[in-house]
Amino acid sequence: MNLSILARCGLFRGIETAELSPLLRRLHACTREFDKFQPIYRVGDTAHALCILLSGGVNIERCDAWGHKTLLDHITPGLVFAETYACVPGTPMMVSAVADEPSEVLFLPSEMLLSSAAQDSAHSVLLRNLLDVTAQKNLLLTRKIFHTSPKSMRGKLLSYLSAQAVQHGSDTFDIPFDRQQLADYLGVDRSALSAELSRMQRDGLISYKKSHFVLNHSQSDE
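For the chain, an unreviewed UniProt entry supplies the name Cyclic nucleotide-binding protein and the organism Butyricicoccus faecihominis.

Pasting the structure below:
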């Protein structure tokens, strides 16, 4: 197991690297590898463990009864997912977690994670960090609402790309989505999204190639 990834994970902030292996053993943590497109959790599953991505990539998706899919989030190594469902045992999941590439996932069983009998100092720190991670996820959900609330396609794209620039601290950045994933995330048609990106580039608002973007603020002020 790559402990360096866990040491950088917000869930283990404040816990010494030397404490990680003993803590994981006490929590009955285990790892599992997944192939590309293999589901980790499906809609309707009950999550018995919180998950941490050790390598690869995972998409959090929502699919309705007619098969329409919406991309809600993309998980990269060191990030936590399924924590809300793991903290509310027995609640059917409303989303799926699917490997976007060959991936390794660490599972922390919720029964041990939330057990007061198993707590020690490192465990207590872990639970405080879990609260912080959950709060951060709520902020991400709020951002998604901001990006999807504008009525126009351009408004949605300007909101998302502006947020990416702030996150990267630069007007030049790479986004974590391809075109279909970005369309799913924003809840729009891929062809319409691609057409609007072309118009925005023609209007001088942005430059882009695949997932690499450059924002041109001078044009938006004209």
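From this point, the narrative continues.
## Observations regarding unusual backbone geometry
Of note in the backbone geometry, His28 takes a positive phi value of approximately 60° without being a glycine. As for its placement among the helices and strands, His28 is situated in the loop between helix H2 (17-26) and strand S1 (30-34). We note that Phe37 has phi near 75°; this positive angle belongs to a residue other than glycine. Within the secondary structure, Phe37 sits in the loop between S1 and strand S2 (39-41).

## Quick word on H2
Turn by turn, an α-helix covers 3.6 residues, leaving residues three or four places apart pointing in a common direction. Here H2 has its buried residues at Leu20, Leu23 and Leu24. Buried positions in H2, seen along its axis, are confined to an arc of 95° and lie on one side of it. Across H2 from its buried face, at more than 90 degrees, point the exposed residues Ala18 and Arg25. Backbone geometry just after H2 places His28 at a positive phi near 60°.

## A closer look at the pairing of strand S3 (residues 49-55)
The buried fraction of S3 is high, at six of seven residues. Relative to strand S6 (residues 80-81), S3 runs antiparallel, the two sharing two bridges. Residue pairing across strands places Cys51 opposite Phe81, the latter belonging to S6.

## Things to note about the pattern of salt bridges
If charged atoms from side chains of opposite charge come close, those side chains can pair. According to the stated counting rule, one finds six salt bridges in the structure shown. Glu83 is the salt-bridge partner of Lys137, the closest N and O atoms lying 3.1 Å from each other. Within this pair, whereas Lys137 is found in helix H5 (residues 121-148), its partner Glu83 is found in helix H3 (residues 83-87), the two being separated by 54 residues in sequence. On the basis of relative accessible area, Lys137 is assigned to the partly exposed category, the value being 22%. With relative accessibility at 5%, the residue Glu83 sits in the buried group. With a shortest N-O distance of 2.9 Å, Glu196 and Arg199 are connected by a salt bridge. Of this pair, Glu196 and Arg199 are both found in helix H8 (residues 190-202), three residues apart, which corresponds to roughly one turn of the helix. When salt bridges with common partners are traced through the structure, they connect Arg154, Glu196, Arg199 and Asp203 into a single cluster.

## Here's the deal with the pairing of strand S7 (residues 96-99)
Neither face of S7 is left uncovered, since the one carrying Ser96 and Val98 and the one carrying Ala97 and Ala99 both have all their residues buried. Pairing geometry for strand S4 (residues 58-63) and S7, over four bridges, is antiparallel. The residue of S7 that forms the bridge with Asn59 is Val98.

Rules used in this analysis
- Residues numbered from 1 in each chain as written.
- Predicted model: local features only at pLDDT ≥ 70, side-chain atom pairs only at ≥ 80, totals over all residues.
- Heavy atoms only, no water.
- Helix = DSSP H or I, 4+ residues; strand = E, 2+ residues; numbered from the N terminus.
- Buried < 20%, exposed > 50% of the residue type's maximum accessible area, 1.4 Å probe, protein only.
- Arc of directions from axis to C-beta.
- Pairing = 2+ DSSP bridges.
- Salt bridge = Lys/Arg side-chain N within 4 Å of Asp/Glu carboxyl O.

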